[in-house]
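What the coordinates show
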Amino acid sequence: MRDVSNDVTTVRARRRVPAGALPARMAYGITAACAAVAVGEAAAAFVRPQAAPVVAIGSAAIDLAPTAVKVWAVRSFGTSDKTVLLAGIHATMGVLAAALGPVAARRRAATVVLPTGFGLLGAWAALARPDAHPADALPSALAALAATAVLLLLLPHRRPRPAVRPSGPEPQRHPGTGATSTRDDPPATPHPRSGRRTALTAGAVIALSAGLAAAGRHLADRRNDVSEARAGLTLPRPARPLPPPPSRAALPIPGLAPLHTPAGDFYRVDTALTLPRIDPRDWTLRIHGMVDRPVELSFADLLALPLEELDHTLSCVSGEVGGPYVGTTRWLGASLPALLRRAGVRAGADQLLGRSKDGMTIGTPLECVLDGRTALLVVAMDGAPLPVAHGFPCRSVVPGLYGYTSATKWLVDLEVTTFAARDPYWVQRGWDRTGEVRTASRIDVPAAFARVRAGDVTVAGTAWATHRGVAAVELRVDGGPWQEAELAADAGPDMWRQWHHTWHAAVPGTHRLEVRATDATGAVQDETRRPPFPSGATGWHSTVVTVH
Ligand SMILES: Nc1nc2c(c(=O)[nH]1)N[C@H]1C(S)=C(S)[C@@H](COP(=O)(O)O)O[C@H]1N2
Ligand SMILES: [Mo]
């Protein structure tokens, strides 16, 4: 017969093995999470990058986030919003995994249940993507299996409890919390396995995971690399080349945003956590819906069409007054209205719905596309094929509208439809259907909070009322009378317009400069301060400078 007291001693002796067990178990939970993420990434390299569990969960979070959160994220983190989101997901997983370790050590079922929960969440998120296919669930499933396997490998195994509970001291309760201390309520009787050996195993798992994740990323990049295809593209010459803008459209004032934004500096706003990489040889565009003759184009077909150039200022509805989400470039593309005429738009249609490779939908009022403005299926900006981040190989551009209602990147499908039948992505989230660009103006020089010497001070900036054009810009100091600024030469209504003004700054101290523009219809820029949601920010940009 077993000696009960002896048994207790054995248990006590074994309890010393996982000394500092809690931190170790937390670390093992995190190790399991690392393995899961790595396996998920590696598997996604074979399926597709968007199917990696963390990316899929992040994309779902972007789609589900309330508008207020999205606006806040764009405002607070700008173009780094996606990095911040992914970091947040990894951090959350780290915390959950650290909790998982100790729980799984106590409750064996947790080694299966919790990773399965994570796997189901990832699989659901991956399958909920608009362009999902069943294999997208695979990386999450394998990730969950990896987590379970690692937990089983690292955590102490529970042994059958002795039939008679040893009559040891009563478990102590921590004062106030009611929680029982782990020391007195051992969840599991660990194998007499050396803590050091387990730690080594965990280290090996982490090293393997890092290697696997790096290999997965490398493979995914190689499998999805379109840089060669992009570099190998020869752009046809435009059938209707645009003359260069008048030289006096660009003012030589240091600190003023250049008339044409270099492609590398062009703002980027989209919901894509992984950039869609489309080989132009695999690209097709379907034009269908309420048309007489649906059209399907290959990329070669597109390049064979007469291409046009357009100097145009693209801006984002999420931009704050005076903010940076605006840029000007020379686009090259095929005429969108010409293609729509070829397809034959049926009566009653009022929306052109663009769909991107990653399932984004952007709806443009059809009348804006067909009213004579230069609406393009763009293949190049700034003299080179579209960068991947800006929609390679093809995007739409319709002057006069914010990007979210006109500028579908990675465009693969155009449906002629009605607003009654379909709400595009942003409209479903409460944003305005039309997205007409509001008149805006910005002071670039002097920079905010600059210190300037008393005397003549150059004030300069830019103003845009895209597609209507800018007729006047005025400036005032400390709420005084409005003074007309001098406009640079007009480079067309679809472009922003630079302006400058000489301010006789006589009085030392802090001064507030304000700007407002008037568009070519004679409407003065709206003074009311409104946030970007739901139809674009309004209000006058102001800046504070100190004269000394
Ligand atoms: N596929 C896709 N296209 C998109 C978006 C997106 O999220 N996905 N964002 C739109 C928005 S809100 C803007 S302002 C412009 C920005 O274009 P850019 O990133 O080239 O500056 O792209 C538009 N096209
Ligand atoms: Mo936007």
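Residues numbered from 1 in each chain as written. Chains lettered and ligands numbered in written order. Predicted model: local features only at pLDDT ≥ 70, side-chain atom pairs only at ≥ 80, totals over all residues. Heavy atoms only, no water.

1. What to know about a nonpolar patch on the surface
Applied cut-off: Without a salt bridge and with relative accessible area above 30%, a residue can belong to a patch; like charges are then joined within 9 Å and nonpolar side chains (Val, Leu, Ile, Met, Phe, Trp, Tyr) within 5 Å. Per-residue and other accessible areas follow the Shrake-Rupley method at a 1.4 Å probe size, with only the shown protein chains counted as cover for residues. The salt bridge definition used is simple: a Lys or Arg side-chain nitrogen within 4 Å of an Asp or Glu carboxyl oxygen. Elements are defined by DSSP. Helices are runs of H or I of four residues or more, strands are runs of E of two residues or more, and each kind is numbered from the N terminus.
Where nonpolar side chains cluster on the molecular surface, the patch consists of Val 103, Val 112, Val 113 and Leu 114 and spans about 310 Å² of accessible area. Per-element tally for the nonpolar patch: the top contributor is helix α6 (residues 110-127), with 3 residues. For Val 103, the location among the structural elements is in helix α5 (residues 81-106).

2. What to know about the side chain of His 288
The line we're drawing: Contacts: residue pairs with any heavy atoms within 4.5 Å of one another.
The topology assignment puts His 288 in strand β1 (residues 284-289). In this structure, His 288 is in contact with Pro 294, Asp 413, Leu 414, Glu 415 and Val 416, ignoring residues within four places of it in sequence.

3. Quick notes on α5
For the record, the criterion: Between the first and last residue of a helix there are one fewer steps than residues, each counted as 1.5 Å, and that sum is the expected span. Bend at a residue means the angle formed by two fitted axes: the first through the 7 residues ending at that position, the second through the 7 residues beginning there. Here the term buried applies to any residue with accessible area under 20% of the maximum for its type, exposed to any over 50%, and partly exposed to those in between, with areas from a 1.4 Å probe on protein chains only.
In this model, α5 (26 residues) spans 38 Å end to end at C-alpha, consistent with the 38 Å of a helix rising 1.5 Å per residue. Of all the bends in α5, the greatest, near 25 degrees, is centred on Leu 100, and the proline Pro 102 appears no more than four residues after it. Every buried residue of α5 is listed here: Asp 81, Lys 82, Ile 89, Met 93, Ala 97, Ala 98, Leu 100, Gly 101, Pro 102, Ala 104 and Ala 105. On its buried face, α5 is in contact with α2 (21-46), α3 (53-64), α4 (67-77), α6 and α7 (138-154).

4. Some points on the packing of α5 against α6
Stated formally: Interaxial angle, 0 to 180 degrees, is taken between N-to-C directions of lines fitted to C-alpha atoms, where a helix line uses only the stretch in contact. Angles are sorted into four bins: roughly parallel if under 35 degrees, roughly antiparallel if over 145, roughly perpendicular if 65 to 115, and oblique for all others. Take the far helix as the reference: if the near one is turned anticlockwise from it by less than a right angle, the crossing is left-handed, and if turned clockwise, right-handed. Nonpolar residues are Ala, Val, Leu, Ile, Met, Phe, Trp, Tyr, Cys and Pro. Charged residues are Asp, Glu, Lys and Arg, and all others, Gly as well, are polar.
At their nearest, the axes of α5 and α6 sit 9 Å apart, and the two run at 160 degrees to each other. The pairing of α5 with α6 is recorded here as roughly antiparallel in orientation. Where α5 crosses over α6, the handedness of that crossing is right-handed. On α6, the residues that touch Met 93, Leu 100, Val 103 and Ala 104 of α5 are Ala 110, Thr 111, Leu 114 and Phe 118. Its residues assigned to classes, the contact of α5 with α6 shows 7 nonpolar, 1 polar and no charged.

5. A short note on the packing of aromatic side chains
Under the convention used in this document: Pairing of aromatic rings covers Phe, Tyr and Trp, the last counted by its six-membered ring, and requires centre-to-centre distances within 6.5 Å; plane angles under 30 degrees mean stacked, over 60 mean edge-to-face, and any other angle means tilted. Two thresholds decide whether a charge sits over a ring: the Lys NZ or Arg CZ must be within 6 Å of the ring centre and within 35 degrees of the ring normal.
Counted under the stated rule, the structure contains 11 aromatic pairs. On the basis of an interplanar angle of 40 degrees and a centroid distance of 6.0 Å, the ring pair of Tyr 267 and Tyr 325 is categorised as tilted. Note that Tyr 267 is positioned in the loop between α9 (227-231) and β1 and Tyr 325 in the loop between β3 (307-315) and β4 (326-335), a separation of 58 residues in sequence. In this structure, Tyr 267 and Tyr 325 share a single accessibility class: buried. Aromatic pair Trp 482 and Trp 540: ring centres 5.1 Å apart, planes at 80 degrees, arrangement edge-to-face. Highlighted residues: Trp 482 in the loop between β14 (470-477) and β15 (483-484) and Trp 540 in the loop between β18 (509-519) and β19 (541-547), separated in sequence by 58 residues. Residue Trp 482 is classed as partly exposed on the basis of its relative accessible area of 22%. With relative accessibility at 10%, the residue Trp 540 sits in the buried group. In textbook terms, an aromatic cluster arises when at least three aromatic residues are bridged by ring pairs, as seen for Phe 266, Tyr 267, Tyr 325 and Trp 331. The aromatic ring of Tyr 425 is capped on one face by Arg 429, whose charged end is 3.6 Å from the ring centroid.

6. Quick notes on the environment of Arg 197
Mapped onto the secondary structure, Arg 197 falls in helix α8 (residues 195-223). Residue Arg 197 is classed as exposed on the basis of its relative accessible area of 55%. Separated by 43 residues in sequence, Arg 197 and Leu 154 place their C-alpha atoms 9.6 Å apart.

7. Focus on the nonpolar core
So the rule is basically this: Grouping buried Ala, Val, Leu, Ile, Met, Phe, Trp, Tyr and Cys residues that are joined through side-chain atoms within 4.5 Å yields what is termed a nonpolar core.
In terms of nonpolar packing, the biggest core is built from 54 residues, with Leu 302, Trp 331 and Leu 377 touching the most fellow members. With sequence-adjacent residues up to four places away left out, Leu 302 is seen in contact with Trp 283, Leu 297, Leu 307, Ala 334, Leu 377, Val 379 and Cys 394.

8. So, the confidence of the model for the protein
As a reminder, the rule being used: A residue's pLDDT is the confidence the predictor assigns to it, expressed on a 0 to 100 scale.
In this model, the protein carries an average pLDDT of 89, and 89% of its residues clear a pLDDT of 70 or more. A low-confidence stretch, residues 1-20 stays under pLDDT 50, and its non-local contacts, those more than four residues away or across chains, total 14 contacts. This model gives residues 163-190 a pLDDT under 50, and the stretch forms 36 contacts once residues within four places in sequence are excluded.

9. Examining the packing of α2 against α7
Between α2 and α7, whose axes approach to 7 Å, the crossing angle comes to 150 degrees. When the interaxial angle is binned, α2 and α7 end up roughly antiparallel. Handedness of the crossing formed by α2 with α7: right-handed. Judged by residue contacts, Tyr 28, Gly 29, Thr 31, Ala 32, Ala 35, Ala 36, Val 39, Gly 40, Ala 43 and Ala 44 of α2 engage Pro 139, Leu 142, Ala 143, Ala 146, Ala 147, Val 150, Leu 151 and Leu 154 from α7. Residues belonging to the contact of α2 with α7 are distributed by class as follows: 15 nonpolar, 3 polar and no charged.

10. So, the sheet that holds strand β2 (residues 295-298)
Rules: Strands were regarded as paired on the criterion that DSSP finds at least two bridges between them.
Pairing is mixed across the open sheet formed by 5 strands, whose spatial order is β2-β1-β10-β5-β6. Where the open sheet ends on each side, the last strands, each with one partner, are β2 and β6 (361-365). Neighbour-to-neighbour, the strand axes of the sheet open up by a mean angle of 15 degrees, direction not taken into account. Relative to the sheet, helix α11 (residues 336-343) contacts β1, β2, β5 (351-356) and β10 (411-417), its axis offset from that of β2 by approximately 135 degrees.

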